[in-house]
Amino acid sequence: MEIKLIRPDLSHKEEAELFKNEFFENNENIINGSEMLDNMDSYDDWLNNVRRNSNPEAVNPEWVLTDTFFATDETNRIVGIIDFRHELKDFLIDFGHCGYSVRPSERKKGYATKMLSMILEIAKNTGLETFQLSVEKTNKPSIKTIVKNGGIYKRSFDYEGETVERKILSNGMVNAQDFVDFDVLVLDEPFAGLDEDNISAVADLLLSQRNEKLIILVTHVGDFSADFDYKIGNND
């Protein structure tokens, strides 16, 4: 699975319309991270807005400096969209530095995890040390995507009747991409401070590596004896 993050331009107009319409045909009216692609009838107007907001001298004063990217696969098909907001103000203080969406036909392929990993690298290169994201507590796939990239729970708040969790990602945290370079992982209490959903997401991440790595796990949380090959218990 190889994807690229590319800035929108006029050459993407037809593919972007297909991308947007796929969400609508799937009864999804909101495309997160799209800088309101879902609300604009004109691609040209949307593109002009995206370009203005990526320019420090032209950004909308009611918004923040934002870089928006299409994620494309090997065939140059748009599989997702993601943005990076360079600063937080007003309601963005709750909602964070980024939004992202994967088109319905391309989900469950790992694209969201890879997209977020790539945008974190872009954010790191700007000097940003802490990256904030918010996600509805019921959105299990997105929670797993964030946790796989090193996200930890910070706090919850209510928005339009939904409980939303705010998560923090630090550029010093280990994420799924970092596992590639190591044959042995020694993890001391990796579930400490996590809620039930995040524990499950981290456990899934570790189990996805069990056939590739030697994982030594020290934890007082949960019972994973059925999932791992060996267990040393202490009943004290």
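Residues numbered from 1 in each chain as written. Predicted model: local features only at pLDDT ≥ 70, side-chain atom pairs only at ≥ 80, totals over all residues. Heavy atoms only, no water.

> When you look at the sheet that holds strand β2 (residues 66–72) in this model, what are you seeing that I'm missing?
Strand pairing in a sheet relies on backbone hydrogen bonds. The paired strands run either parallel or antiparallel. Sheet architecture is open: four strands sit in the order β1-β2-β3-β4, paired in antiparallel fashion. Edge strands, defined here as strands with exactly one partner in the open sheet, are β1 (4–6) and β4 (98–102). Strand after strand, the sheet turns through a mean of 20° between neighbouring axes, direction not considered. Where β1 lies against β2, three bridges are found, and the strand directions are antiparallel. Within β2, the position partnered with K4 by the bridge is T72. In this fold helix α4 (residues 111–125) packs onto β1, β2, β3 (78–85) and β4, with an angle of close to 30° to the strand it touches most, β3. (Pairing = 2+ DSSP bridges. Helix = DSSP H or I, 4+ residues; strand = E, 2+ residues; numbered from the N terminus. Axes fitted to C-alpha atoms, helices over the stretch in contact; angles between N-to-C directions. Contact = heavy atoms within 4.5 Å.)

> So what exactly am I meant to see when it comes to the nonpolar core here?
Note that soluble globular proteins tend to have their nonpolar side chains buried in a common cluster. Judged by nonpolar contacts, the single largest core of 32 residues is most densely connected at I82, C98, Y100, M115, L116, I119 and F131. Of all the secondary structure elements, the ones that give two or more residues to this core are β2, β3, β4, α4, β5 (130–136), α5 (140–148), β8 (184–188) and α6 (196–208). The leading source of residues in this core is α4, at seven residues. Other than its neighbours up to four places away in sequence, C98 contacts I82, D83, R85, L116, I119, F131, Q132 and L133. (Core = buried A, V, L, I, M, F, W, Y, C linked by side-chain atoms within 4.5 Å. Buried < 20%, exposed > 50% of the residue type's maximum accessible area, 1.4 Å probe, protein only.)

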